[in-house]
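Chain residues, written in single-letter form:
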Amino acid sequence: MKVVIIDDEKSMHLIMRRMLAKLDQIEIVGIFFETTSAFSYLMNHDVDLVFLDIKLPGENGLTFAHRIRERDGQMKLVFVTSYKEYAPAAFDVQAYDYIVKPLRQDRLHKTVQRVISEGH
């Protein structure tokens, strides 16, 4: 399963890489700090699952998710954020899941296993 991480915190990139490395069938194909380069990548590569923060420089994660949905209704979007209050809006853009930081291995594992069991 091809995964992209979009978060403006380098520490989250490291944490997510470490946690995802413990799971089988995961290939991290892109890591981005902002949405401009992430959008370009996603429109030109096959990606199964995107982990996405809400607060990003320039464009927030929800606006970005709307842009993705206009082009791709199948890509799984999982928000990983410190903000509980955006959950309803996240599901308006068909978020697959909404994980509130701090990220825990068991919670991440559960989400990834659900995606895998559904055949991506």
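Our structure is the block above this text.
Along each chain, the written sequence defines residue order, and numbers are assigned to residues from 1. Selection of residues for local features in this predicted model requires a pLDDT of at least 70, selection of side-chain atom pairs for listing and counting requires 80 or more, and totals for whole chains, interfaces and linings are taken over all residues. As a rule here, side-chain values cover all heavy atoms of the structure and leave hydrogens and water aside.

J.: Please give an account of the packing of aromatic side chains that cites residues and values.
T.: Each aromatic ring pair is summarised here by two numbers: the centre-to-centre distance and the angle between the ring planes. The criterion for an aromatic pair is that two Phe, Tyr or Trp rings (for Trp, the six-membered ring) have centres within 6.5 Å, with stacked assigned to planes under 30 degrees apart, edge-to-face to planes over 60 apart and tilted to the rest. Overall, the coordinates contain five aromatic pairs when judged by the stated rule. Relative to Tyr86, the ring of Tyr83 lies with its centre 5.9 Å away and its plane at 80°, an arrangement referred to as edge-to-face. Buried residues are those whose accessible area, probed at 1.4 Å on protein chains only, stays under 20% of the maximum for their type, while exposed residues exceed 50% and partly exposed ones sit between those limits. The class of Tyr83 is partly exposed, set by a relative accessible area of 31%. Relative to Tyr98, the ring of Phe91 has its centre 6.5 Å away and its plane inclined at 45°; by these criteria the two rings are tilted. Here a set of aromatic residues connected by ring pairs shows up, and it is made of Phe79, Phe91 and Tyr98. Look at NZ for Lys and CZ for Arg. If either is within 6 Å of the ring centre and within 35 degrees of the ring normal, a charge sits over the ring. Stacked on the ring of Tyr83, the Lys or Arg Lys55 has its end atom at 5.2 Å from the ring centre.

J.: Explain helix α5 (residues 105–117) to me, using residue names and the numbers behind them.
T.: The end-to-end C-alpha distance of α5, which contains 13 residues, comes to 18 Å, matching closely the 18 Å that a straight helix rising 1.5 Å per residue would cover. Put simply, DSSP marks the helices as runs of H or I at least four residues long and the strands as runs of E at least two long, and each gets a number from the N terminus on. Listed in full, the buried residues belonging to α5 are Leu108, Thr111, Val112, Val115 and Ile116. For α5, the buried positions fall inside an angular range of 140° around the axis, keeping them on one side. For α5, exposure combined with an orientation more than 90 degrees from the buried face picks out Lys110 and Ser117. To estimate the expected span of a helix, subtract one from its residue number and multiply by 1.5 Å. Note that the arc is computed from the directions linking the helix axis to the C-beta atoms.

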